[in-house]
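Working through the structure, step by step
Take a look at the letters that make up each chain.
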Amino acid sequence: GDVDHRDSLIALLKKYNVKSLKNIIITHPHADHMGGFYALIKAGIPIGHVYDNGMEAGTSVYKTYLKNITTKKIPHSALYKSMTVDLGQGAQFIVYAPEQGKYIKDNKGQPDPNDNSIVGKLVFGKFSMLFTGDASRAEENKLIKEENTKLSSRVLKVGHHGSAGSSQKDFLRSVRPESAVFSVGLHNDYGHPTSQALQRLAAENIMVYRTDTQGTIRIHTDGNTWNITTER
């Protein structure tokens, strides 16, 4: 989450009695995806391992992140395509992107942080959920081409907060989710989620959950069944 949501993050962890974190996956080095990390350090929550997409940034949020994992000697590595993180108890996180040494470039020829987000699937028994960071059209196209039906998941965390370039029809048909979750701020300046993304999900009859209108979204599974509950 973002810098503004640090207090909320700690409050939620306390609510669910989370005393330590085995793994943290930061999809890419933008403040709204790594800004909350400092709150975990400040709260003294033990962290087993931190994963990111291997991209650096010149921002103060990124520099603080790097300084803290170095100072606290937290094991740290990058995740790339074909890697798997063992989450314990039979749960795994299978990584589909980015591809090491083959970052997707923006129109200026620079690696694009959004379209090199870590994209991976959490698999636990019969449950699966695809996490997409801020993936948009370019990364989705690469995933469709290279992974196609491997992306198939019960739940989709919608890419890039529901931007117009995310959740293309062909991508949704590769993933084939029953439900989709938008992580998005209320009355945000970007107009997310866009009508285009919402319409594409509706056309595929995918049940939509949104943090801007429904608050905190909790997904609970034992590997056989799962349920999704909302704050409001």
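Placed above this text is the structure.
My aim in this report is to walk through the structure given alongside it, one point at a time. (Residues numbered from 1 in each chain as written. Predicted model: local features only at pLDDT ≥ 70, side-chain atom pairs only at ≥ 80, totals over all residues. Heavy atoms only, no water.)

Here's the deal with the pattern of salt bridges
- Across all of its chains, the model carries ten salt bridges by this definition.
- Glu99 serves as the salt-bridge partner of Lys102, at 3.6 Å between the closest nitrogen and oxygen.
- Residue Glu146 pairs with Lys142 through a salt bridge whose shortest N-O separation is 2.7 Å. Linking Glu146 with Lys142, this pair stays in helix H5 (residues 137–146), spanning four residues, or about one helical turn.
- Look at Glu146 and you get partly exposed, because its relative accessible area is 34%.
- Judged by relative accessible area, Lys142 falls into the partly exposed class, the value being 23%.
- A single salt-bridge network, built from bridges that share partners, covers Lys81, Glu99, Lys102, Lys142, Glu146, Glu147 and Lys150. (Salt bridge = Lys/Arg side-chain N within 4 Å of Asp/Glu carboxyl O. Helix = DSSP H or I, 4+ residues; strand = E, 2+ residues; numbered from the N terminus. Buried < 20%, exposed > 50% of the residue type's maximum accessible area, 1.4 Å probe, protein only.)

Notes on the sheet that holds strand E1 (residues 21–25)
- Reading across from one edge, E1-E2-E3 is the order of the three strands in this open sheet, with parallel pairing throughout. Every other strand in the sheet has two partners, leaving E1 and strand E3 (76–78) as the edge strands with one partner each. On average, adjacent strands in this sheet sit at an angle of 20° to one another, irrespective of strand direction.
- Pairing between strand E2 (residues 47–52) and E3: three bridges, direction parallel. Along E3, the bridge assignment pairs Tyr51 with Ser77. (Pairing = 2+ DSSP bridges. Axes fitted to C-alpha atoms, helices over the stretch in contact; angles between N-to-C directions.)

Re unusual backbone geometry
- The omega angle of the peptide bond from Ala97 to Pro98 is 0°, so this bond is cis rather than trans.
- Of note, Pro98 is situated in the loop between strand E5 (91–97) and strand E6 (119–124).
- Here the residue pair His192 and Pro193 is connected by a cis peptide bond, since its omega of -5° sits within 30 degrees of zero.
- You will see that Asn17, though not glycine, has its phi angle at about 60°, which is positive.
- Residue Asn205 is not a glycine yet carries a positive backbone phi of 55°.
- When you line up the elements, Asn205 lands in the loop between helix H7 (195–203) and strand E10 (207–210).

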